[in-house]
Amino acid sequence: MELKRTLQGTLLCLFIFLVYSEDTETKSSRRRRCRCKKYIEKISKDIDSRLQAFESRFEQYLTHSPNALSNVTSDLILDQNGLKIDSLTVDMNKTREILQKESYTLRQLKENMYTQEMSVDSLTENFKSLDFIVRNLTMVVEKLETSMRNKIDKAPRTMRHKPKRNKPELYPKDCDEVYQSGGMKYLGDYYIMVQPEKAKSPFKCVCKIIDGAGWTVIQRRQDGRENFSRNWEDYKNGFGDLQNEFWLGNEKIHQLTTQGDYKLKIDMEDMDGKKWYAEYDRFQVSDERDLYRLHVNGYHGTAGDSLTPYWRTHDGMPFSTRDRDNDKRFYDNCAEDYGGGWWYNDCYESHLNGKYYHNGSHNDYFVRNGIQWNSIHAYSSLNFVEIMIKPTDNTKLPNDI
Ligand SMILES: [Ca+2]
């Protein structure tokens, strides 16, 4: 009986130790188990089932062992040779093996559970690190957004919504710019889109090369096909055909001649086919508010000065048309009397927009309404006229300096 109680006590202590250690482990790691609840529950169920199996087996053993021990005891009483002691020893060894095996299985389960918890902890730390990095990056992006928004708000409206330009840089300001950049290499007429600095849009011009410069033609008379007896608006905007007779237009002439210093050249041919020319070192036409007033001086040439003579100069005179009398003849309208528009004084020494006479002579000697340059012929009309301009800056030849 002493041996039986000893065996029962030993088994009971071992069982209590295993269960207690399990409970202790469970309490100490409860907090971490919460993070892997499902896995832990699975492990716990496994442990419970194994403990139940162990308890069942142990109960079964205790149920059968008393009889065995009684039998052994009686055998010991009956058989003084002690032959049954070996059988009892074998049962004890089997019981010990079962306990050791169960203990080993429980330890493995605990180790696995601990390893899994460590992995979960490591992943949790990684997630924390990533979360910290993402938060920092979010703050940086938000700061950048705020900074950009402030800069955009403070930027001038022209920077935020830059208006479309008329692309003046795509067009030359006049014919000479084309020539100087190598765009005109051969003699003849060029038809080129130009855009002076003041012009809102480009317009087509006739360009030609004379004396190593590009000239912009503003007027041409050659066969009388164009009517030059026109009103203010026509002379303002221009009329005619650039390939034949035309007036470029007072507004365009104003835009061209006010973007720098310009000079004037007038090529003329009389009824006998003789050619003349007149050049003026300065030529400028003011704007419409100033009635496209003429500013011209510095004559040289072969035709004589019929623009700036002392007795009836056209320099400083406003432009006049048949519907806009700005001349100095108080009792009459020069443009109405002599046809085309011009910078009339009282009335003129030159009048290059007059009526075209194919035979060069007037029907009435005193009418004098033809294409007139008095210093060539005071009482006859010219057969050909071409008025051109170019910047003064490029007129100097090397030996002139
Ligand atoms: Ca008048």
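Here is what the cut-offs are and how they apply
Residues numbered from 1 in each chain as written. Predicted model: local features only at pLDDT ≥ 70, side-chain atom pairs only at ≥ 80, totals over all residues. Heavy atoms only, no water. Donors = N, O, S within 2.8 Å, 3.2 Å for Na, K, Ca; no water. Buried < 20%, exposed > 50% of the residue type's maximum accessible area, 1.4 Å probe, protein only. Disulfide = S-S within 2.5 Å. Helix = DSSP H or I, 4+ residues; strand = E, 2+ residues; numbered from the N terminus. pLDDT = per-residue confidence, 0-100. Contact = heavy atoms within 4.5 Å.

## So, the coordination of the calcium ion
Next up, step 1: Surrounding the calcium ion are the protein donor atoms D325 (OD), D325 (OD), D327 (OD), R329 (O) and D332 (O), at 2.2 to 2.6 Å.
Next up, step 2: Sequence positions of the residues that donate to the calcium ion give the spacing D-x1-D-x1-R-x2-D.
Next up, step 3: Classification of D332 by relative accessible area gives partly exposed; the value is 28%.

## So, the state of the cysteines
Next up, step 1: Under the counting rule described, the total for this entry stands at two disulfides.
Next up, step 2: Residue C175 pairs covalently with C207 via a disulfide, S to S 1.8 Å. Here C175 and C207 share a disulfide; its torsion about the S-S bond, -65 degrees, makes the bridge left-handed. Residue C175 is found in helix α6 (residues 175–180), and its partner C207 is found in strand β2 (residues 203–209); the two are separated by 32 residues along the sequence.
Next up, step 3: Overall, the relative accessible area of 0% leaves C175 in the buried class.
Next up, step 4: A disulfide bridge connects C334 with C347, and the sulfur atoms are separated by 1.8 Å. Disulfide C334-C347: the torsion about the S-S bond is -85 degrees, which places it as left-handed. In this pair, C334 sits in helix α9 (residues 334–338) while C347 sits in the loop between α9 and β9 (350–351), placing the two residues 13 residues apart along the sequence.

## Digging into the confidence of the model for the protein
Regions with low pLDDT should not have their predicted coordinates read in detail.
Next up, step 1: Residues with a pLDDT of 70 or more make up 69% of the protein, whose mean pLDDT is 79.
Next up, step 2: Scored below 50 in pLDDT, residues 158–163 shows four contacts in the model against residues more than four places distant or in partner chains.
Next up, step 3: Contacts from residues 397–401, a stretch scored under 50 in pLDDT, to residues over four places away or in other chains number zero contacts.

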